[in-house]
Amino acid sequence: MPESRPPIRRRALCAALPLLALLLPAGCAEQRQALLFENDVAREALACLHPRGVFESAGEVRSEGSESFVGTIVWHGEVLHQKYSSRVRVRREEGVAVVTLLDEDSVLPAVRRECRVPLGR
């Protein structure tokens, strides 16, 4: 007598498709946020937080939703070239990224805890 239920693989795939559909936009959003952070926000934010810091790279980005993410700025000091990192939260508002310093390992404190970086220039 033939089995009336679909094979297990097909049922598993059908069950997984809705979950994949939810994950794809989240992954795309995180990718867009990482590009925004690297290309438009990280250097300007470092210049605001540590004007004498020398930008090295934009590190890991973790999405917190469509308009907010946490990113890491890797940089070094101008004089001693000691390597540091600053973790920031970025919230997109109309035409600006509001960057808030969360934590860092720098010896000297940041000159500001929050900066506004213009977007779309």
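Use the structure listed above.
If you're wondering where the values come from, they're calculated on a predicted model, not measured in any experiment.

Colleague: For this particular structure, what's the right way to read the nonpolar core?
Modeller: If you look at soluble globular proteins, the nonpolar side chains tend to sit buried side by side. Among the nonpolar cores identified, the biggest contains 23 residues, and Phe37, Val41, Ile73, Val88, Val90 and Val99 are the most heavily contacted of them. At the level of secondary structure, the elements contributing two or more residues to this core comprise helix 1 (8-49), strand 1 (53-65), strand 2 (68-77), strand 3 (83-93), strand 4 (96-104) and strand 5 (114-118). With eight residues, helix 1 is the largest single contributor of residues to this core. With residues near it in sequence (within four places) discarded, Val90 still touches Phe37, Val41, Glu67, Ser68, Phe69, Ala97, Val98 and Val99.

Colleague: Hey, could you run me through the sheet that holds strand 3 in this one?
Modeller: Whenever strands of a sheet pair, they do so through backbone hydrogen bonds, lying parallel or antiparallel. With antiparallel pairing, five strands are arranged side by side in an open sheet as 1-2-3-4-5. One side of each edge strand has no neighbouring strand; the edge strands of this open sheet are strand 1 and strand 5. Mean inter-strand twist for the sheet, computed between neighbouring axes without regard to direction, equals 30°. Two strands pair when backbone bridges link them, and strand 3 and strand 4 are joined in this way by eight bridges, in the antiparallel orientation.

Colleague: For this particular structure, what's the right way to read the environment of Pro118?
Modeller: Summarising the element assignment, Pro118 is placed in strand 5. Each C-alpha atom of the pair Pro118 and Glu93 lies 9.7 Å from the other, and the pair is 25 residues apart in sequence. Apart from residues lying up to four places away in sequence, Pro118 is in contact with Gly95 and Val96.

Reading the values: rules and limits
By convention here, each chain's residues receive numbers from 1 onward along its written sequence. For a predicted model such as this one, the threshold for reporting local features is a pLDDT of at least 70, and the threshold for listing and counting side-chain atom pairs is 80 or more; totals across whole chains, interfaces and linings nevertheless cover every residue. Working from all heavy atoms in the structure, the side-chain values ignore hydrogens and water. Definition used in this section: a nonpolar core is a set of buried Ala, Val, Leu, Ile, Met, Phe, Trp, Tyr and Cys residues joined via side-chain atoms within 4.5 Å. Under the scheme applied here, a residue whose accessible area is under 20% of the maximum for its type counts as buried, over 50% as exposed, and between as partly exposed, the area being computed with a 1.4 Å probe on protein chains only. Strands here are runs of E lasting at least two residues and helices are runs of H or I lasting at least four, both read from the DSSP assignment and numbered beginning at the N terminus. Contact between two residues is taken to exist if any of their heavy atoms lie within 4.5 Å; hydrogens are not considered. Paired strands, in this sense, are two strands between which DSSP finds at least two bridges. Every axis corresponds to a line fitted to the C-alpha atoms, with the helix fit spanning only the stretch in contact, and the corresponding angles, defined between N-to-C directions, vary from 0 to 180 degrees.

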